[in-house]
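What follows is each chain in one-letter form.
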Amino acid sequence: MMVVRILIFMLLGASALSFVLYLITGQIKYRRWGFALFKWTMLAIVVFFGVLFVSQFDWSLSG
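Just so we're clear, the structure is a prediction, and the values are computed from it rather than from any experiment.

The rules behind each value
Residues numbered from 1 in each chain as written. Predicted model: local features only at pLDDT ≥ 70, side-chain atom pairs only at ≥ 80, totals over all residues. Heavy atoms only, no water. Phe/Tyr/Trp six-rings, centres within 6.5 Å; stacked < 30°, edge-to-face > 60°. Helix = DSSP H or I, 4+ residues; strand = E, 2+ residues; numbered from the N terminus. Buried < 20%, exposed > 50% of the residue type's maximum accessible area, 1.4 Å probe, protein only. Contact = heavy atoms within 4.5 Å.

Enquirer: Sorry if this is basic, but what is going on with the packing of aromatic side chains here?
Expert: Between two aromatic rings, the relevant description is the distance of the centres plus the angle of the planes. Applying the stated criterion across every chain, the model contains four aromatic pairs. Ring plane angle 80 degrees and centroid distance 5.1 Å describe the contact between phenylalanine 19 and phenylalanine 35, whose orientation is recorded as edge-to-face. Here phenylalanine 19 is found in helix H1 (residues 2–25), whereas its partner phenylalanine 35 is found in helix H2 (residues 28–55), with 16 residues between them in sequence.

Enquirer: Quick question: what am I supposed to make of the environment of arginine 31 here?
Expert: Following the sequence through the fold, arginine 31 ends up in helix H2. On the basis of relative accessibility, which here comes to 33%, the residue arginine 31 falls in the partly exposed class. With near-sequence residues (within four places) excluded, arginine 31 lies in contact with Phe19 and Tyr22.

Nothing here speaks to function; it is geometry throughout.
Have a look at this one:
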């Protein structure tokens, strides 16, 4: 659980760094990298919370 949180924060940091590099240099490649990293970060967050949500269900068939 902690590893996933660290990974998500590292992805967010890398995305922010890419946007800062884009603002400093004006090179489009940094903006593309930033958006790609942000997209994968959002996917990781959705999967993470989806797993947490599904793990809260009681899947037993006997009442």
